[in-house]
Amino acid sequence: MIRINRLSVAKAAAILSVIPVLIYASATKTDVGSAGVPNESSCARCHTGNSTFPGSVKVDFPGKLTYVPGQTQRLTVTVADPDQKRWGFQLTARQASASRVQAGSFAPGTDKFTQVVCFDLTTNEQLDGPCSGTTTLQYIEHTDAGTRRGQSASATYTFDWTPPANDLGEVTIYVMGLAANDDTSVYGDRQYSKNYTLTSPQSVLPLTSKVLNAASGKTPISPGAWVSVYGQNLASTTRSWEAKDIVNGKLPTELDGVRVTINSNFAAVAYISPTQINVLAPADAGIGAAASPVYVQVLNNGVAADPILVPSQAIAPSFFLWSNRYSVATRPDGSIAASTSQFPAGVATPAKSGEVIILWGTGFGPTTPALAAGIQTPSDKLYQTATLPVILIDGAPVKVIGAALSPGSAGLYQIAIEVPQVPWDGDHTISAQIAGVSSPQGPLLNIQQ
C-alpha cells in the first residue's frame, strides 16, 4: 500500500541494496485502486493478507449505515494491530450496483493526516485531488505524517464524505488498512480490508400500517399498556431490548436508531424488526383523554414515517394470548395452565376447578401506589390496580384474589383468580371488566374438573 517508485526489478534491487530506507520515500502516495474494490488492485500485492493476523480495519459512521443525499458525514477509520508501529489506509465509495461509479466526494481532515487522490478513467492516470467529473474515481488515504511512524497498536483517520446529491440507492464503502512494522521493507507488514453497505432512508421510508394493543391485537390502546406497531422498513435490525439497554431501571426509548412517539412523547421500545415494533405506551402522552385518538409515529434513524391516528382510551384491559386464542395462564409455581394440545407433551396441564391460577394482561390502568412512567416495576412494594377487576368465565364472575403489576417487568399485570366449578371439561370463554371497561371477547381458558 505504501508505494515505491515504478522502477525495473533490477534497478529497484540495486537501489534498495544501497539505500533500503527509500522504501518509504513515497509514503505520501498510495497507488490508487488499493481500497479493495472488485477488479481493482490491492495492497496484497506487496503486503501480507489479513486471514490470520490479530489486527483490523473499521469505519465509524455517524449515520449508522445510512446516508442522506448531499449531507456530509464525518467518517473515522481505525487501523489496529498490536504488533505494528506504522500505519496507512485507503478508502473509496461506490454505487453498490456499479463499482466503477463514484459515490460522492471526500475532503481531508484538518490534521494533515489524510489526502484525496483520484484516477481518471479516460486517461488511466492517477491525479492529485481535488478532482471531479463523471469519469473520475476518488480515494482518500494517509499522508506521510499520517503514517504515525513509531505509534504502537493503532491509528485513526478522520475526514468528511459527502454523498451524491441524488439518491443512488445502496452505496458501498471499501477500505483497506495497512499496519506496518517499520523495518524499511514490506516484509512483515499486514493489510486488512472491509466493506460496508449504506442505504439512503429516502429510498426505504418507514411505513406504518396499523397500531394495536399488543395483547389482544385490537384497538384501542391505552396509557402504560403494551402496543404493537406494524408496517414496512420500520427498522434495519431485529432484536429485543437487553439488560444493557435498561439503565437504573429506566426503559430505553431507542433501539438501534428506532424510536416511536405517541402524541409526540417517546415510548419505551422493547422489540424492533422491519415489520413490527413493540413499545410500552407512555403514561403521560394524553392517551385516553376523553377517549380521543392519538398520533403514533415511527422514526428509523431519523427518518420519520407518516403518523397515523389510533383510537385510545384511559383503560383498555386485555389478556395476552397463546396461539391468538387461549389466555396466557400460569400457576403460582410458574407451571402452565393450558390445554395439552397447545404445547408439547408434559409442558402444560389444564386449569383445575378450585385451584388458583394467574392470568397475564396489559392495559388494566393506574395502580395504587402510582408508578412513574418508563421504568421497571420495583419489587419493594405491591403495585395493585386502583380498582379490583371483575373476571368472568362463560359470563359469570369468579373469585379474584388480587391484581397487580408484575415486579421486575413493565406494563404487565398479574390477575390471580380461583378457578370455578364448570359444567363441562374443555374450553371456556374468559373476559375482564375494570372501571366500567370490558376486555375484547374471544380468549379461552381450558378447564378440567
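Q: Explain the overall build of the protein here, please?
A: Counting its secondary structure elements, the protein contains one helix and 38 strands. Considering the protein as a whole, with its 449 residues, one finds that 48% of them fall into the buried category. Counting contacts in the protein only where the partners sit at least 6 residues apart, residues at least 24 apart contribute 65% of the total.

Q: Just checking my understanding: could you explain the layout of surface pockets for this structure?
A: Picture a little ball the size of a water molecule; that probe, rolled over the atoms, points out where space is still empty. In this structure, the largest pocket occupies an estimated 500 Å³ of space. Around the largest pocket, the lining comprises 28 residues; the ones closest to its centre are Gly 224, Ala 283, Ala 372, Ala 373 and Gly 374. Class assignment of the residues belonging to the lining of the largest pocket gives a composition of 19 nonpolar, seven polar and two charged.

Q: Would you take a moment to explain the pairing of strand S19 (residues 294–300) for this structure?
A: In the case of a regular strand, side chains alternate between the two sheet surfaces. Here S19 shows one buried face, formed by Val 294, Val 296, Val 298 and Asn 300, and one open face, formed by Tyr 295, Gln 297 and Leu 299. As judged from the five bridges shared by strand S15 (residues 258–262) and S19, these two strands associate in the antiparallel manner. Within the sheet, the bridge partner assigned to Ile 262 lies in S19 and is Val 296. Pairing geometry for S19 and strand S21 (residues 308–310), over three bridges, is antiparallel. Counterpart to Tyr 295 in the pairing with S21 is Leu 309.

Q: What exactly am I supposed to notice about the packing of aromatic side chains here?
A: Between two aromatic rings, the relevant description is the distance of the centres plus the angle of the planes. Under the definition given, this model contains nine aromatic pairs. Ring geometry for Phe 61 versus Tyr 196: centroids 5.0 Å apart, planes at 65°, classification edge-to-face. Of this pair, Phe 61 sits in the loop between strand S1 (56–60) and strand S2 (73–80) while Tyr 196 sits in strand S11 (residues 190–198), placing them 135 residues apart in sequence. Tyr 196 shares its class with Phe 61; the two are buried. Ring geometry for Phe 106 and Phe 159: centres 6.2 Å apart, planes at 70°, overall edge-to-face. Of the two residues, Phe 106 is situated in strand S5 (residues 105–107) and Phe 159 in strand S9 (residues 154–162); the sequence distance between them amounts to 53 residues.

Q: Just to check I follow, could you spell out the pairing of S9 for this structure?
A: In the sheet, S2 pairs with S9 via eight bridges, with the strands oriented antiparallel. Residue Val 77 lies in a different strand from S9, and its bridge partner there is Tyr 157. Inspection of the sheet shows S5 paired to S9 by three bridges, in the antiparallel sense. In the sheet register, Phe 106 faces S9, and the bridge partner there is Trp 161.

Q: I keep staring at the environment of Pro 38 and nothing clicks. Help me out?
A: Relative to the assigned elements, Pro 38 resides in the loop between helix H1 (9–18) and S1. Sequence separation between Pro 38 and Ser 99 is 61 residues; the distance between their C-alpha atoms is 7.3 Å. Ignoring sequence-local partners within four residues, the contact set of Pro 38 consists of Ser 99 and Tyr 174.

Q: I keep staring at the sheet that holds strand S14 (residues 239–240) and nothing clicks. Help me out?
A: By definition, the strands of a sheet pair up through backbone hydrogen bonds, in either a parallel or an antiparallel sense. With antiparallel pairing, five strands are arranged side by side in an open sheet as S12-S13-S18-S17-S14. Sheet topology places strand S12 (207–213) and S14 at the edges, where each strand pairs with a single neighbour. Pairing of strand S17 (residues 268–272) with strand S18 (residues 276–280) involves four bridges; the strand directions are antiparallel. The residue of S18 that forms the bridge with Ala 268 is Leu 280.

Q: Any chance you could explain the nonpolar core here in plain terms?
A: Where a protein is soluble and globular, its nonpolar side chains tend to be buried together. With 28 residues, the main nonpolar core has Val 77, Leu 91, Trp 161 and Ile 173 as its most contacted residues. Only S1, S2, strand S3 (86–95), strand S6 (114–120), S9, strand S10 (171–180) and S11 provide two or more residues apiece to this core. Every residue in contact with Leu 91, bar those within four places of it in the chain, is listed here: Ala 35, Val 59, Val 77, Phe 106, Gln 138, Tyr 139, Ile 140, Phe 159, Ile 173, Tyr 174 and Val 175. Counting 25 residues, the second largest nonpolar core, distinct from the first, contains Ala 351, Ile 357, Val 400 and Leu 405.

Q: Before we go on, may I ask you to explain the environment of Ser 353 in this structure?
A: Tracing the chain through its elements places Ser 353 in the loop between strand S28 (351–352) and strand S29 (356–362). Taking the C-alpha atoms as reference, Ser 353 lies 5.2 Å from Pro 420; in sequence the two are 67 residues apart. Apart from residues no more than four positions distant in its own chain, Ser 353 is found in contact with Val 419, Pro 420, Gln 421, Val 422, Ile 447, Gln 448 and Gln 449.

Q: Got a minute to help me understand unusual backbone geometry in this structure?
A: The phi angle of most residues is negative, glycine excepted, and most peptide bonds adopt the trans form. Cis geometry marks the peptide bond from Thr 219 to Pro 220, where omega comes out at 10°. Assignment of secondary structure puts Pro 220 in the loop between S12 and strand S13 (226–232). Across the junction of Thr 368 and Pro 369, the peptide omega takes the value -5°, indicating a cis bond. As for its position among the elements, Pro 369 is in the loop between strand S30 (367–368) and strand S31 (384–385).

Q: When you look at the pattern of salt bridges in this model, what are you seeing that I'm missing?
A: Within the structure shown, the criterion is met by 16 salt bridges. Residues Arg 86 and Asp 144 are paired through a salt bridge, measuring 3.5 Å at the closest nitrogen-oxygen approach. Linking Arg 86 in strand S3 with Asp 144 in the loop between strand S8 (136–142) and S9, this pair joins segments that are 58 residues apart in sequence. For Lys 244, the salt bridge identified is with Glu 242, shortest N-O distance 3.8 Å. Residue class for Lys 244 comes out exposed when judged on its relative accessible area of 59%. Owing to a relative accessible area of 38%, Glu 242 belongs among the partly exposed residues under this scheme. One network of salt bridges, with partners in common, ties together Arg 239, Glu 242, Lys 244, Asp 245 and Asp 256.

Q: Just checking my understanding: could you explain the sheet that holds S9 for this structure?
A: Strand order across the open sheet formed by four strands is S1-S2-S9-S5, with antiparallel pairing between neighbours. Both outer strands of the open sheet, S1 and S5, are each paired with one neighbouring strand and no more. Ignoring which end each strand starts from, the neighbouring axes of this sheet average 30° apart.

Reading the values: rules and limits
Residues numbered from 1 in each chain as written. Predicted model: local features only at pLDDT ≥ 70, side-chain atom pairs only at ≥ 80, totals over all residues. Heavy atoms only, no water. Helix = DSSP H or I, 4+ residues; strand = E, 2+ residues; numbered from the N terminus. Buried < 20%, exposed > 50% of the residue type's maximum accessible area, 1.4 Å probe, protein only. Contact = heavy atoms within 4.5 Å. 1 Å grid on protein atoms, 1.4 Å probe; cavity = no way out; pocket = protein on both sides within 12 Å on 5 of 7 lines; lining within 4 Å. Points joined across faces, edges and corners; volume = space filled by probe spheres on them. Nonpolar A, V, L, I, M, F, W, Y, C, P; charged D, E, K, R; others polar. Pairing = 2+ DSSP bridges. Phe/Tyr/Trp six-rings, centres within 6.5 Å; stacked < 30°, edge-to-face > 60°. Core = buried A, V, L, I, M, F, W, Y, C linked by side-chain atoms within 4.5 Å. Salt bridge = Lys/Arg side-chain N within 4 Å of Asp/Glu carboxyl O. Axes fitted to C-alpha atoms, helices over the stretch in contact; angles between N-to-C directions.

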